[in-house]
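Chain by chain, the residues run as shown.
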Amino acid sequence: MTKYRTAIIWGTVTTLAGCVFSLALADKMTKLFSKGIVTAAPTEAFAVAVLAGAVSWVALATVLRLPVSTTHALIGALLGAGLFLASDSIAWNAIPQKLVVPLLMSVGVAYAVSLVLALIFNRVGRRNRGAGPTATSEGTPSPTGTPEAAEPGAVLAAERVTTDPADTPRTAASSRMLTAAHWLTSGATGFARGLNDTPKIVAVGAFALIPAGMTTWQIMLLVAGAMALGSLAGGIRLAERLGEGVIRMNHTEGFLANLTTATLVGLGAGYGLPMSTTHTSTGAIAGSAGATLSRLSGRTLKHFLIAWLVTPPFAAAVSATVFLVVR
């Protein structure tokens, strides 16, 4: 089993890579968060208020060990400050299709995809065990990478396998392949997170920083650095909650959850569909349990759901308050 610190570092490195490529690969996301929600010309006070609304809730959630969505927080903050900047400039008709539906569907789709993959892998595993030496796996706590202000970047778990000694070389080779695939998909999840989240924050930050003389690339580097520091500083507490609280994953389940999350979040970034890596990852982790729903922690999922519902109104309230103070 890898250490949480190792998983956090790996998730941070791959997220930084996604940040760098985001300006070229996810420009649709930047356009959506710069002009697609609030169409009025932004002011510095508006930018400060939006960032304050989003950051305040993400920071509080990190202390409370609640993996929440930076995307949800930014949307709530944009709407909160936008109501007082120019209420008639909010594109209310675009919010359901461009924001709400992708965010909600990502959880359900991630669960469904991960569930199907888990059922297929379990069936293949049972068939192989029936044809050869017996192999059993025990799920162990699986560190996740970085939730949003430490969003999951790497879901890494360990698996203990017992086999006939004569089959050891083949089993060892399979284990190495699974481990390599697991590291690859966990890195892809971090990369996808960087692709999907960076353009949103850059778009908001640009409201104030471009007039101050900063270029888009400089803003991107600033955002990437802030995301990295947030992951390293607060990632472990949230990683433990997300990685162990929903289910206790084994190596294969961690791989499947990463594969699902990276694919969906990466595609969302390319098509300009804002997705929360936390939401998507939670759905994928739950689906990786397969048909054994009793393994899911209903208490943890209830806490996550409450936090997700509170995110937009909390961020909106803080953003609106800050805007009224500083405008």
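Residues numbered from 1 in each chain as written. Predicted model: local features only at pLDDT ≥ 70, side-chain atom pairs only at ≥ 80, totals over all residues. Heavy atoms only, no water.

## Describing the overall build of the protein chain
- For the protein chain, the count of helices and strands is 10 helices and zero strands.
- Traced from its N-terminal end to its C-terminal end, the protein chain shows the element sequence α-α-α-α-α-α-α-α-α-α.
- Residue burial in the protein chain is summarised as follows: out of 327 residues, 52% are buried.
- Across the protein chain, contacts joining residues at least 24 apart in sequence account for 86% of those joining residues at least 6 apart.
- Accessible surface computed for the protein chain: about 14100 Å², of which carbon and sulfur atoms make up 68%. (Helix = DSSP H or I, 4+ residues; strand = E, 2+ residues; numbered from the N terminus. Buried < 20%, exposed > 50% of the residue type's maximum accessible area, 1.4 Å probe, protein only. Contact = heavy atoms within 4.5 Å. Areas by Shrake-Rupley, 256 points an atom, 1.4 Å probe, with all protein chains shown as cover.)

## Considering the pattern of salt bridges
- Tallied over the entire structure, the rule returns four salt bridges.
- With its nearest N and O atoms 2.7 Å apart, the salt bridge here joins R295 to E253. With R295 in the loop between helix 9 (277-287) and helix 10 (298-326) and E253 in helix 8 (residues 251-270), this pair connects stretches of sequence that are 42 residues apart.
- Given the relative accessible area of 10%, E253 is considered buried.
- Each of R193, D197 and K200 takes part in one network of salt bridges that share partners. (Salt bridge = Lys/Arg side-chain N within 4 Å of Asp/Glu carboxyl O.)

## Brief notes about the side chain of S69
- Along the chain, S69 falls in the loop between helix 3 (44-63) and helix 4 (70-86).
- Residue classification places S69 among the buried residues on the basis of a relative accessible area of 0%.
- Side-chain polar atoms of S69 contact the side chain of S276, separated by 3.5 Å. (Polar contact = N/O pair within 3.5 Å; in protein donor to acceptor, adjacent residues only side chain to side chain.)

## Some details on the packing of helix 9 against helix 10
- The interhelical angle for the contact between helix 9 and helix 10, taken along N-to-C directions, is 155°, at an axis separation of 12 Å. One finds that helix 9 runs roughly antiparallel with respect to helix 10. For the element pair helix 9 and helix 10, the recorded crossing hand is left-handed. Contact residues: T278, H279 and T282 in helix 9; L301, F304 and W308 in helix 10.
- Looking at the contact of helix 9 with helix 10 residue by residue, the classes come out as three nonpolar, three polar and no charged. (Axes fitted to C-alpha atoms, helices over the stretch in contact; angles between N-to-C directions. Parallel < 35°, antiparallel > 145°, perpendicular 65-115°, else oblique. Left-handed = near helix turned anticlockwise from the far one by under 90°. Nonpolar A, V, L, I, M, F, W, Y, C, P; charged D, E, K, R; others polar.)

## Quick look at the packing of aromatic side chains
- This structure, assessed with the given rule, holds five aromatic pairs.
- Judged by centre distance (5.9 Å) and plane angle (70°), the ring pair of W10 and W183 falls under edge-to-face. Highlighted residues: W10 in helix 1 (residues 4-25) and W183 in helix 6 (residues 168-209), separated in sequence by 173 residues.
- Judged by centre distance (4.8 Å) and plane angle (45°), the rings of W57 and F314 are tilted. With W57 in helix 3 and F314 in helix 10, this residue pair connects regions lying 257 residues apart in the sequence.
- Judged by its relative accessible area of 6%, W57 is buried. (Phe/Tyr/Trp six-rings, centres within 6.5 Å; stacked < 30°, edge-to-face > 60°.)

## Quick notes on the nonpolar core
- In this structure, F33, I37, F46, V50 and L78 are the most contacted members of the largest nonpolar core, which totals 45 residues.
- Elements with a minimum of two residues in this core: helix 1, helix 2 (27-36), helix 3, helix 4, helix 5 (95-131), helix 6, helix 7 (216-245) and helix 10.
- The leading source of residues in this core is helix 3, at nine residues.
- Beyond its immediate chain neighbours, meaning those up to four positions away, F33 contacts T71, L74, I75, L78, L99, K200, A203, F207 and P274.
- In terms of nonpolar packing, the next biggest core, distinct from the first, is built from 15 residues, A110, M249, L264 and M275 among them. (Core = buried A, V, L, I, M, F, W, Y, C linked by side-chain atoms within 4.5 Å.)

## A few points about the environment of V68
- Locating V68 in the fold gives a position in the loop between helix 3 and helix 4.
- The class of V68 is buried, set by a relative accessible area of 2%.
- Measuring from C-alpha to C-alpha, the distance between V68 and L305 comes to 9.3 Å, with 237 residues separating the pair along the chain.

## Thoughts on the environment of L296
- Tracing the backbone shows L296 in the loop between helix 9 and helix 10.
- For L296, a relative accessible area of 19% puts it in the buried group.
- When the C-alpha positions of L296 and A286 are compared, they lie 6.7 Å apart, and in sequence the two are 10 residues distant.

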